[in-house]
Amino acid sequence: MSGIYDKIHHGLSKDEAINILRTPSKQLASQSDAYMAAAHLINFPGEDTKKALVDLLRSKEDSQAKSIAKRKAVEVIGRLGYKDLIDDIGKCLVSKDTYLVENAAIALGDLGCTNEAWIDIIIEMIESGEKSNTRALIQTLSRLKVVRALPAISAHLESEVTSTRGAAASACITLGGEESKRIILEENLLSPNQMDRQCAIQDIIDANASSLAKRILKTPVSPVFRIRALRKLTSGVTESTTTKELLRDIDSLIVDNPNDVDVVHRYESRPTNDFLVQEFFGTDFSRGYLSMKTLLE
């Protein structure tokens, strides 16, 4: 399914994109052309597109340009719902390209894969713990409702990688009803690392842990992540009392008072105002909210 951010190459036709994918990388004007062409084909679902994408996956050319394009092709196949290409996607799971493996797993989740052979490979990768993309693999098994993967997933509840630990907790809730694992998701909302906090919000959404919605509202990340979580976790709300409470939550997000946010960082001593203002331009929202709270004080 195409989205508004997929239509960024307005001058490129379907046939031109397909021709780029068929062109040896040495003959391309830019090494990013093949990736761009594969991405653009999301806008042209159909047999021509399907054939072009699967031909790319089956290509023996191992140049960096084509390898990167294959990662995007796998993603596009999953988004377009080409279930008859599941086996071609599954074969990517044994690639040496970690990013291709990750995209293949995600695509199999998109396609609702029921092929036990490919599912077994994903479980084996999780059990080995050798892959750097264990989080994505766990998320795929959870989406596919593979209950028999729970023992392998549970082993990562003690992972040193916060995002992997969170994905495992979310999957245990989804697949095994282990509600006690919500404490892990709640703790991750205040991780020192902003990416981990953002992952924690996604884990809560995946587990449909609506009881943690209030905690998300106070998490020091971009309001975009908090708004998305509120929308996902409160869809279908009809009770008037809950609706009124939801409106109050939306209001608080719009106002975005820094004093309503639980910051992760602290200052050892009072910084200068110049420093505090510069913190507004950083990438970590916890530091940004801390600087605003300090200035308000």
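These numbers come from a predicted model, not from an experiment.

Thresholds, definitions, all that
Residues numbered from 1 in each chain as written. Predicted model: local features only at pLDDT ≥ 70, side-chain atom pairs only at ≥ 80, totals over all residues. Heavy atoms only, no water. Helix = DSSP H or I, 4+ residues; strand = E, 2+ residues; numbered from the N terminus. Buried < 20%, exposed > 50% of the residue type's maximum accessible area, 1.4 Å probe, protein only. Contact = heavy atoms within 4.5 Å. Areas by Shrake-Rupley, 256 points an atom, 1.4 Å probe, with all protein chains shown as cover. Lys, Arg positive; Asp, Glu negative; His and termini not counted. Charge placed at Lys NZ, Arg CZ, Asp CG, Glu CD. Phe/Tyr/Trp six-rings, centres within 6.5 Å; stacked < 30°, edge-to-face > 60°. Core = buried A, V, L, I, M, F, W, Y, C linked by side-chain atoms within 4.5 Å. Salt bridge = Lys/Arg side-chain N within 4 Å of Asp/Glu carboxyl O. Patch = residues over 30% accessible without salt bridge, like charges linked within 9 Å, V, L, I, M, F, W, Y side chains within 5 Å. Polar contact = N/O pair within 3.5 Å; in protein donor to acceptor, adjacent residues only side chain to side chain. Arc of directions from axis to C-beta. Axes fitted to C-alpha atoms, helices over the stretch in contact; angles between N-to-C directions. Parallel < 35°, antiparallel > 145°, perpendicular 65-115°, else oblique. Expected span 1.5 Å × (residues − 1).

This part covers the overall build of the chain. When helices and strands are tallied, the chain shows 17 helices and zero strands. For the C-alpha atoms alone, the extent of the chain along its principal axes is close to 60 × 45 × 45 Å. Looking at the 297 residues of the chain, the share that counts as buried comes to 48%. A fraction of 62% describes how many contacts in the chain between residues 6 or more apart in sequence connect residues 24 or more apart. Entry remark: accessible area of the chain is about 15700 Å², with carbon and sulfur atoms responsible for 53%. Distance between charge centroids for the chain: 3 Å, based on 38 positive and 42 negative side chains.

Applying the stated criterion across every chain yields a total of two aromatic pairs. Arranged with centres 6.2 Å apart and planes meeting at 75°, the rings of tyrosine 267 and phenylalanine 275 form a pair that is edge-to-face. Between phenylalanine 285 and tyrosine 289, the aromatic rings sit 6.3 Å apart at their centres with planes inclined by 45°, giving tilted as the arrangement. Of this pair, phenylalanine 285 and tyrosine 289 both sit in helix α17 (residues 285-296), four residues apart, roughly one helical turn. Residue phenylalanine 285 is classed as partly exposed on the basis of its relative accessible area of 31%.

Bringing the nonpolar core into the picture now. Formed by 76 residues in total, the largest nonpolar core has its most connected members in Leu21, Ile89, Leu93, Ile122, Leu141 and Ile153. Not counting chain neighbours up to four residues away, the residues in contact with leucine 141 comprise Ile119, Ile122, Ile123, Ile126, Val146, Ala149, Ile153 and Leu175.

Time to look at the pattern of salt bridges. A full pass over the atoms with the stated rule returns 21 salt bridges. Between arginine 143 and aspartate 110 there is a salt bridge, with its nearest N and O atoms 2.9 Å apart. Remark: aspartate 110 occurs in helix α6 (residues 98-110) and arginine 143 occurs in helix α8 (residues 134-143); sequence separation between them is 33 residues. Its salt-bridge partner being lysine 214, residue aspartate 249 comes within 2.7 Å of it at the nearest N-O pair.

Turning next to a nonpolar patch on the surface. Together, Val277, Phe280, Phe281 and Leu295 make up an exposed nonpolar region whose accessible area comes to about 380 Å². Note on placement: valine 277 falls in helix α16 (residues 273-278). According to the relative accessible area criterion, valine 277 is partly exposed, its value standing at 36%.

We now examine the side chain of asparagine 133. By the element assignment, asparagine 133 lies in the loop between α7 (116-128) and α8. Looking at asparagine 133, the relative accessible area reads 3%, which means it is buried. Those residues in contact with asparagine 133, other than ones at most four positions away along the chain, are Thr98, Val101 and Glu102.

Turning to the side chain of histidine 265, a few remarks are in order. Looking at the element boundaries, histidine 265 is found in the loop between α15 (240-255) and α16. Engagement of the side chain of histidine 265 in a polar contact is seen with the side chain of serine 286, the distance being 2.9 Å. A polar atom in the side chain of histidine 265 sits 3.5 Å from the side chain of arginine 287. Those residues in contact with histidine 265, other than ones at most four positions away along the chain, are Pro192, Asp284, Ser286, Arg287 and Leu290.

Our focus in this paragraph is unusual backbone geometry. The backbone phi angle of lysine 145 is positive, close to 60°, even though this residue is not glycine. Note that lysine 145 resides in the loop between α8 and α9 (150-154). For lysine 145, a relative accessible area of 53% puts it in the exposed group. In this structure, aspartate 256 takes a positive phi of about 55° despite not being glycine. For aspartate 256, the position within the fold is in the loop between α15 and α16.

In this section: helix α1 (residues 14-22). Burial in α1 covers these residues: Ala17, Ile18, Ile20 and Leu21. The arc that holds every buried residue of α1, seen down its axis, measures 155°, which confines them to one face. At its buried positions, α1 is contacted by α2 (33-40), α3 (47-58) and α4 (64-80).

Close contact between helix α10 (residues 162-176) and helix α12 (residues 194-206) brings their axes to 9 Å; oriented N to C, the two are set at 5°. Comparing the axis directions of α10 and α12 gives the class roughly parallel. Along its contact with α10, which presents Thr162, Ser163, Gly166, Ala167, Ser170 and Thr174, the element α12 presents Asp196, Cys199, Asp203 and Asp206.

Here the focus is α10. Here α10 spans 20 Å end to end across 15 residues, near enough to the 21 Å set by a 1.5 Å rise per residue. The buried fraction of α10 is high, at twelve of 15 residues. Among the residues making up α10, those that are buried are Thr162, Ser163, Thr164, Gly166, Ala167, Ala168, Ala169, Ser170, Ala171, Cys172, Ile173 and Leu175. The secondary structure elements touched by the buried residues of α10 are α8, α9, α11 (182-188) and α12.

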